[in-house]
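Each chain, written out:
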Amino acid sequence: MSRRGKFITFEGLDGTGKSTQMRKLAAVLRDVGHEVIETREPGGTATGEKIRKVLLDSGTAGLSPLAEMALMFASRVQHIAEVIEPGLATGTIVLCDRFTDSTEAYQGSGRKLGSAAVLELHHVLCGDLQPEMTILLDSNAGASISRARRRNQRDSKSSGRTHDENRFEQETRAFFGRVREGYMAIAKREPARVVMVDARGTPEQTHRKIVEVVRRKLKL
């Protein structure tokens with residue numbers, strides 16, 4: 001029987017460099033012989049990507065907070081069944097851009113639905129699956145959101161998409177302040193799992209910090 005793989009998630013506000021840092025870590029892990037899956041939420045499966053379009057398109061601005069949270073979990077349950085659990089079962093390292101911490105920060109804190117509802121849904125729907133390690137990238141909120149807006153607008157234009165992914169980026173500064181506070185609360189509650197990494201430096205500086213904490217904590 002193969003050894004179970006490791007589940008590592010990347011969290012933080014949009015624009016903090018999660019996707020870039022995940023790709024960089026994946027390359028390092030592959031270089032030393034590990035099998036790696038890179039995936040994301042919402043999304044990660046054919047069904048999840050359809051849900052992602054509904055959740056992130058600015059055209060669905062009227063979506064209720066509860067419907068938003070329910071769709072996040074719908075995508076996640078399918079993602080666990082199709083990608084995450086099968087990968088872990090075969091000894092693969094699964095790197096995921098966002099997981100339930102995002103729902104607790106964005107819907108629980110940002111939308112003021114509270115952590116209890118998010119954690120209960122995670123228990124019922126996700127079987128309490130938790131990452132071995134969560135890398136929380138922290139940066140200046142205003143600068144991060146501005147970068148995310150520019151990136152999404154650029155990607156929409158270059159790909160000719162009829163939809164965008166700017167729905168959350170249209171929120172207020174107060175909303176993102178609550179989201180960041182939500183992340184800080186999770187990090188304080190679960191220090192053994194969540195490692196906060198200052199992402200205010202260059203991408204390479206941030207990458208070196210991440211490689212060091214992964215090597216130290218997970219012995220990879």
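Look above for the structure.
Residues numbered from 1 in each chain as written. Predicted model: local features only at pLDDT ≥ 70, side-chain atom pairs only at ≥ 80, totals over all residues. Heavy atoms only, no water.

Enquirer: Give me the overall build of the chain: which residues, what numbers.
Expert: Along the chain, the regular secondary structure elements total 8 helices and 5 strands. For the chain, the succession of helices and strands along the chain, N to C, is β-α-β-α-α-β-α-α-β-α-α-β-α. Counting over 220 residues, the chain shows a buried share of 47%. A sequence separation of at least 24 residues applies to 77% of the contacts in the chain between residues at least 6 apart. When the accessible area of the chain is evaluated, it comes to approximately 10,500 Å², of which 53% is carbon and sulfur surface. (Helix = DSSP H or I, 4+ residues; strand = E, 2+ residues; numbered from the N terminus. Buried < 20%, exposed > 50% of the residue type's maximum accessible area, 1.4 Å probe, protein only. Contact = heavy atoms within 4.5 Å. Areas by Shrake-Rupley, 256 points an atom, 1.4 Å probe, with all protein chains shown as cover.)

Enquirer: An account of the sheet that holds strand β3 (residues 93-97) is requested, with residue identities and associated values reported.
Expert: Backbone hydrogen bonds are what pair the strands of a sheet, in a parallel or an antiparallel way. Here we have 5 strands laid out as an open sheet, ordered β2-β3-β1-β4-β5, and parallel in their pairing. Lying at the two open borders of the sheet, with one neighbouring strand each, are β2 (36-40) and β5 (194-198). Across the sheet, the mean angle from the axis of one strand to that of its neighbour is 20°, orientation sign disregarded. Alignment of strand β4 (residues 133-138) against β5, held across 5 bridges, turns out to be parallel. Each bridged residue has a counterpart across the sheet, and for Thr134 the counterpart in β5 is Val194. The strands touched by helix α7 (residues 173-189) are β1 (7-11), β4 and β5; relative to β4, the strand with the most contacts, the crossing angle is about 140°. (Pairing = 2+ DSSP bridges. Axes fitted to C-alpha atoms, helices over the stretch in contact; angles between N-to-C directions.)

Enquirer: I'd like to hear about the side chain of Lys18, residue by residue, with values.
Expert: Mapped onto the fold, Lys18 is located in helix α1 (residues 18-31). Accessibility expressed as a relative area gives 6% for Lys18, which makes it buried. A distance of 3.5 Å separates a polar atom in the side chain of Lys18 from a polar atom in the side chain of Asp97. Beyond its immediate stretch of four places on either side in the chain, Lys18 contacts Phe10, Glu11, Gly12, Leu13, Asp97, Arg98 and Leu137. (Polar contact = N/O pair within 3.5 Å; in protein donor to acceptor, adjacent residues only side chain to side chain.)

Enquirer: I'd like a rundown of the nonpolar core, residues and numbers included.
Expert: Membership of the largest hydrophobic core comes to 20 residues, with the highest contact counts inside it found for Leu25, Leu95, Ile135 and Ile210. Every element with two or more residues in this core is listed here: β1, α1, β3, β4, β5 and α8 (203-218). Counting residues per element, this core draws most heavily on α8, at 5 residues. Residue contacts for Leu25: discarding those within four places in its chain leaves Phe10, Leu95, Ile135, His207, Ile210, Val211 and Val214. In this structure, Leu56, Phe175, Phe176 and Val179 belong to the second largest nonpolar core, which totals 16 residues. (Core = buried A, V, L, I, M, F, W, Y, C linked by side-chain atoms within 4.5 Å.)

Enquirer: Break down the packing of aromatic side chains for me, with residues and values.
Expert: For the structure shown, the criterion picks out 5 aromatic pairs. When the ring of Tyr106 is compared with that of Phe168, the centres are 5.6 Å apart and the planes differ by 90°; the resulting orientation is edge-to-face. Linking Tyr106 in helix α4 (residues 100-110) with Phe168 in the loop between α6 (141-159) and α7, this pair joins segments that are 62 residues apart in sequence. Note on Tyr106: relative accessible area 6%, which makes it buried. (Phe/Tyr/Trp six-rings, centres within 6.5 Å; stacked < 30°, edge-to-face > 60°.)

Enquirer: Let's hear about the environment of Gly17: which residues, and what values?
Expert: If you trace the backbone, Gly17 turns up in the loop between β1 and α1. Residue Gly17 is classed as partly exposed on the basis of its relative accessible area of 25%. For Gly17 and Asp138, which are 121 residues apart along the polypeptide, the C-alpha to C-alpha distance reads 9.7 Å.

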